[in-house]
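Residue-level listing of the chains:
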Amino acid sequence: MSYGQQGGPQSQWDPWKPQSQQPWSSGGGQSPDWAALAEASEARNKRRRVLLIGGGALATVAIGTAVAVAVVSAGGDNKGNPASLPSADIPSQTASAPSFAPTSAPPPLDPKDFIASAKKDKAPLSPDTLFPGTQLTMGETVYKKGPTADTRNCASAAGGTLPKILTGNDCTRLIRVTYLKDQMAVTVGVAVFDTEAQAAKAKGQSTKKSFIKSLSGGGVKPFCESGFCRTTSNSYGRYAYFTNAGFTNGKDVTPKDTAVYRTGDDLGQFTFNQIRRRGEAQASAAADE
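Residues numbered from 1 in each chain as written. Predicted model: local features only at pLDDT ≥ 70, side-chain atom pairs only at ≥ 80, totals over all residues. Heavy atoms only, no water.

Enquirer: Go over the sheet that holds strand β5 (residues 184-192), please, and point to the residues and values.
Expert: Taken together, 6 strands build an open sheet; the order of strands is β1-β2-β4-β5-β8-β7 and the sheet is antiparallel. Of all the strands in the sheet, just β1 (135-138) and β7 (230-236) have a single pairing partner and so form its edges. Adjacent strand axes in the sheet meet at a mean angle of 25 degrees, parallel and antiparallel pairs treated alike. Judged from the 6 bridges that link them, strand β2 (residues 141-151) and strand β4 (residues 173-181) form a sheet pairing that is antiparallel. Paired with D150 across the strands is I175, a residue of β4. (Pairing = 2+ DSSP bridges. Helix = DSSP H or I, 4+ residues; strand = E, 2+ residues; numbered from the N terminus. Axes fitted to C-alpha atoms, helices over the stretch in contact; angles between N-to-C directions.)

Structure (structure tokens):
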């Protein structure tokens, strides 16, 4: 008598499934195939290892990709916040400026110093050096040069109260020159002293009654020997200079005779310019030494 299977098909036992049941044969039944079961278990273990290794590789690739993206994102935008970048101590590359010993140029020479005293005023002096040429042009007016004179006796070429003033301040020389324009003439007298103080004092003591004698001759008629003429006085350096302007026809000068006034002013300005140039020439020569 044979016994058939009961309860449907025989269940398959899976050692990795907790709900599966191991088949047992009652009484003398066939024992399980343990070799087959071992092979199946080994196959399952290999699949799990492959899955674990593959998953780890994918995770590593994902992490590397994320890091690369972060690095590119941080380094590719130069306009990012500088505070987020790592700081580093960089040695200063600023070079110190070379130092030099302080130097100073000598002060320029003052031309007036060279005409303030006889000790420094050594340039040649004569009527021709002070009043060169045969005529003088001031603006649009041309004056013809007349006679000149040079004397060591200053009082002899002065009038009124001026002789006493020149003598009292130790005048050493008096140079005169006359210029002519139509019927107007003017004599310029340059009194020379040893010091600037003497010249300034002589000028300060001069009044309307202090005048230089007019110088005529050489085609210039006598003028300002009587009557009224226009006189001026001034000083610069060790020189005091005076003008005496009037008409060659003997006419008195009045405040309305502006042409005579202008003639005296022109010659006074020219005399000042010539004395100043004398100082400038000597200062320039001394600077070149």
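What follows picks up the thread again.
Enquirer: Report on the state of the cysteines, specifying residues and quantitative values.
Expert: Disulfides are covalent bonds that connect the sulfur atoms of two cysteines. In total, this model carries 2 disulfides according to the counting rule given. There is a disulfide in this structure between C154 and C171, and the S-S distance comes to 2.1 Å. Across the S-S bond linking C154 and C171, the dihedral sits near -75 degrees, which makes this disulfide left-handed. Of this pair, C154 sits in the loop between β2 and β3 (158-160) while C171 sits in the loop between α3 (162-168) and β4, and the two are 17 residues apart along the sequence. An identical accessibility class is assigned to C154 and C171; each is buried. (Disulfide = S-S within 2.5 Å. Buried < 20%, exposed > 50% of the residue type's maximum accessible area, 1.4 Å probe, protein only.)

Enquirer: Pulling in residues and values, what's your account of the layout of surface pockets?
Expert: Considering only enclosed or pocket space, the largest pocket measures out at about 580 Å³ in volume. Along its surface, the largest pocket is lined by 21 residues, and K208, F228, C229, R230 and T231 are the ones closest to its centre. For the lining of the largest pocket, the secondary-structure elements that each account for two or more residues are β6 (210-212) and β7. The element contributing the most residues to the lining of the largest pocket is β7, with 4 residues. (1 Å grid on protein atoms, 1.4 Å probe; cavity = no way out; pocket = protein on both sides within 12 Å on 5 of 7 lines; lining within 4 Å. Points joined across faces, edges and corners; volume = space filled by probe spheres on them.)

Enquirer: How would you summarise the side chain of T178 if you had to cite specific residues and measurements?
Expert: With respect to the element layout, T178 can be found in strand β4. Relative accessible area serves as the criterion here: at 0%, T178 is assigned to the buried category. Side chain to side chain, T178 and T187 meet in a polar contact 2.8 Å long. If sequence neighbours within four positions are ignored, T178 has contacts with K144, K145, G146, P147, A185, V186, T187, L215, V220 and F223. (Polar contact = N/O pair within 3.5 Å; in protein donor to acceptor, adjacent residues only side chain to side chain. Contact = heavy atoms within 4.5 Å.)

Enquirer: Just give me the short version of the side chain of R173, but keep the residues and values in it.
Expert: Here R173 lies in strand β4. On the basis of relative accessible area, R173 is assigned to the buried category, the value being 12%. One polar contact links the side chain of R173 to the main-chain carbonyl oxygen of L125, over a distance of 3.0 Å. For R173, the contacting residues outside a window of four places in its chain are L125, S126, D150, T151, R152, C154, V190, A191 and V192.

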